[in-house]
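Now for the letters of each chain:
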Amino acid sequence: MPSMGWVYGDLENAKEEIKLAVKSEEKKYLPIWKIIDKRWDEKLKNPLHRAGYFLNPYFYFAKKEAIDKAGVFMDGFVDAMHKFYPNDDGVIDKISQQLPMYQFQRGSFGREFA
């Protein structure tokens, strides 16, 4: 099973591939997208999946502007943090302080391996 950081992104990519396969003809791809979105809304569009997508550098840095602009991924990340650490503001504060390092590839996050 793929991890949460991959499921969301792979579904986005699959939708785009379907669109390309039918030469961007809306009447052909939109019904398929609606089926995907219905299942996706029921099962996958939750804070944990959004946080996983946000924290997956493969997707995040390829689509950084769109992901940051959408805001729902950061919201998912924040919601997930509060679920994992509901009564630990110290941990949430440490994570929040390190988040810009990830977003702007600073420190250890700027290494090629990261």
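Up top is the structure these notes are about.
Quick look at the structure, then. (Residues numbered from 1 in each chain as written. Predicted model: local features only at pLDDT ≥ 70, side-chain atom pairs only at ≥ 80, totals over all residues. Heavy atoms only, no water.)

Here the focus is the nonpolar core. Core analysis: the largest hydrophobic core is formed by 16 residues, its most contacted members being Tyr53, Phe54, Ile67, Phe73 and Phe77. Only helix H2 (26-43), helix H3 (47-54), helix H4 (57-60), helix H6 (72-84) and helix H7 (89-103) provide two or more residues apiece to this core. Discounting residues that sit within four places of it in the chain, Phe54 has contacts with Tyr60, Ile67, Asp68, Phe73, Met74, Phe77, Leu99, Tyr102 and Gln103. (Core = buried A, V, L, I, M, F, W, Y, C linked by side-chain atoms within 4.5 Å. Buried < 20%, exposed > 50% of the residue type's maximum accessible area, 1.4 Å probe, protein only. Helix = DSSP H or I, 4+ residues; strand = E, 2+ residues; numbered from the N terminus. Contact = heavy atoms within 4.5 Å.)

Across all of its chains, the model carries 16 aromatic pairs by this definition. Ring geometry for Trp6 versus Phe59: centroids 5.3 Å apart, planes at 70°, classification edge-to-face. Here Trp6 is found in helix H1 (residues 4-21), whereas its partner Phe59 is found in helix H4, with 53 residues between them in sequence. Trp6 sits in the partly exposed class, given a relative accessible area of 33%. Across from the ring centre of Trp33, 4.7 Å away, lies the NZ or CZ of Lys15, which sits over that ring. (Phe/Tyr/Trp six-rings, centres within 6.5 Å; stacked < 30°, edge-to-face > 60°. Lys NZ or Arg CZ within 6 Å of the ring centre and 35° of its normal.)

This part is about unusual backbone geometry. Even without being a glycine, Lys23 presents a positive backbone phi close to 55°. Tracing the backbone shows Lys23 in the loop between H1 and H2. The backbone of Ser24 shows a phi angle near 60°, a positive value even though the residue is not glycine. In this structure, Ser24 sits in the loop between H1 and H2. With relative accessibility at 39%, the residue Ser24 sits in the partly exposed group.

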